[in-house]
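# Coordinates in review
These are the residues of each chain, in order.
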Amino acid sequence: MSITFRIATAADDQPGPVATINARQLAAFRAYLREQGQRLGLALLDPDSDQERVLALNFEARICPLAIAATARIFDYDEAVIAVLDEAQFRSRRVTIWWYETDRVIRMRVSPTSDAGVELDLATDSAHALLESLAIRPDDVGEIPVDAIRARLSNPAVRRRADAEGTTRYLDQLDRLVSYADTDSATRLEWA
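Residues numbered from 1 in each chain as written. Predicted model: local features only at pLDDT ≥ 70, side-chain atom pairs only at ≥ 80, totals over all residues. Heavy atoms only, no water.

### Description of the sheet that holds strand 1 (residues 2-8)
Strand order in the open sheet made by the four strands is 7-1-9-8, with antiparallel pairing throughout. Across the chains shown, the open sheet's two edge strands, defined by having one partner strand only, are strand 7 (120-123) and strand 8 (142-145). Neighbouring strand axes in the sheet, compared pairwise and without regard to direction, differ in orientation by 20° on average. Each of strand 1, strand 7 and strand 9 (188-191) is contacted by helix 5 (residues 124-133), which is oriented at about 110° to strand 7, the strand it contacts most. (Pairing = 2+ DSSP bridges. Helix = DSSP H or I, 4+ residues; strand = E, 2+ residues; numbered from the N terminus. Axes fitted to C-alpha atoms, helices over the stretch in contact; angles between N-to-C directions. Contact = heavy atoms within 4.5 Å.)

### Here's the deal with unusual backbone geometry
A positive phi is found at Ser92, a non-glycine position, where the angle reads about 55°. As for its placement among the helices and strands, Ser92 is situated in the loop between helix 4 (79-90) and strand 5 (93-99). A relative accessible area of 43% means that Ser92 is categorised as partly exposed. Unlike most non-glycine residues, Arg104 shows phi in positive territory, near 60°. Mapping Arg104 onto the fold places it in the loop between strand 5 and strand 6 (106-114). (Buried < 20%, exposed > 50% of the residue type's maximum accessible area, 1.4 Å probe, protein only.)

### Section: helix 6 (residues 146-153)
Within helix 6 the residues assigned to the buried category are Val146, Ile149 and Leu153. Taken down its axis, helix 6 places every buried residue within 65° of arc, on the same side. Considering only its buried residues, helix 6 is in contact with strand 1, strand 8, helix 7 (156-165), helix 8 (168-179) and strand 9. (Arc of directions from axis to C-beta.)

### So, the side chain of Ser111
Among the secondary structure elements, Ser111 is positioned in strand 6. By relative accessible area, which is 1% here, Ser111 ends up buried. Polar contacts involving the side chain of Ser111 include one to the main-chain amide nitrogen of Thr113, which spans 2.9 Å. Residue contacts for Ser111: discarding those within four places in its chain leaves Glu60, Arg93, Arg94, Val95 and Thr96. (Polar contact = N/O pair within 3.5 Å; in protein donor to acceptor, adjacent residues only side chain to side chain.)

### Quick notes on the sheet that holds strand 5
Read across the sheet, five strands follow the order 2-6-5-4-3 without closing on themselves; strand pairing throughout is antiparallel. Where the open sheet ends on each side, the last strands, each with one partner, are strand 2 (18-21) and strand 3 (45-46). When strand 5 meets strand 6, the two strands line up antiparallel, connected through six bridges. Each residue of the ladder has a partner; that of Arg93, found in strand 6, is Ser114. The sheet strands contacting helix 1 (residues 23-40) are strand 2, strand 3, strand 4 (59-61), strand 5 and strand 6, and the helix crosses strand 4 at an angle near 55°. On top of the sheet, helix 4 reaches strand 2, strand 5 and strand 6; it is set at about 5° to strand 6, its chief contact.

This is the structure in C-alpha cells:
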C-alpha cells in the first residue's frame with residue numbers, strides 16, 4: 001500500500017469538464033503524444049503501453065508542453081475536449097483518459113496529477129514517518145493548508161526530527177512539491 005501526497009486547489013472541489021472520445025481519436029492521440037514526446041525529449045504518456053488493453057485505455061498524458069490547437073485537431077476541435085485541454089493547461093495538470101467496461105465509453109478529464117509529476121508517492125510506513133516528523137497525526141488520508149505545511153517545513157525542529165528519524169529525503173521531496181503550490185488560502189496539501 002502507498003500514500004500519495006499532492007497539491008489541491010479550490011478547483012479540485014468542483015466538477016471539471018469531461019469529454020467523450022472515440023477509439024480512432026484515442027489511437028491518434030497516443031501516436032501524437034509519442035511523436036511529440038520524442039521531439040521534445042519528454043515522456044508524455046504514463047503508463048505507455050499498447051501491449052495490454054487496460055493500460056492502453058487508462059493513462060495520464062502531459063499536454064502542457066503542447067499547443068492546444070494542434071492537440072485539439074486530433075479530436076476534430078470538439079468543444080468538450082478543448083475545454084478539458086484548456087483547463088488542464090491553465091491548472092498545469094495532466095489529462096486522464098479512462099473507460100468503463102460496462103458502457104465502453106472512452107472519457108477524458110483533467111487529472112489530479114501535476115504536469116511536472118511532482119506528487120510524492122510513498123509506502124504507507126514511510127508516509128506515516130514523514131507525517132510524524134512534521135508533527136502531523138499519521139493518518140492514511142488528510143489535508144493541511146499549504147501555508148501551514150510551509151511553516152512546518154521551515155521549522156528547524158522539524159528538520160532535526162527528520163534527520164533523527166531518517167525522513168530527510170522525504171521532507172526534501174515534500175518541500176519540492178510544495179514549491180509548486182500557489183499561495184492562495186484554498187491551496188492545500190492532500191494525501192490519500
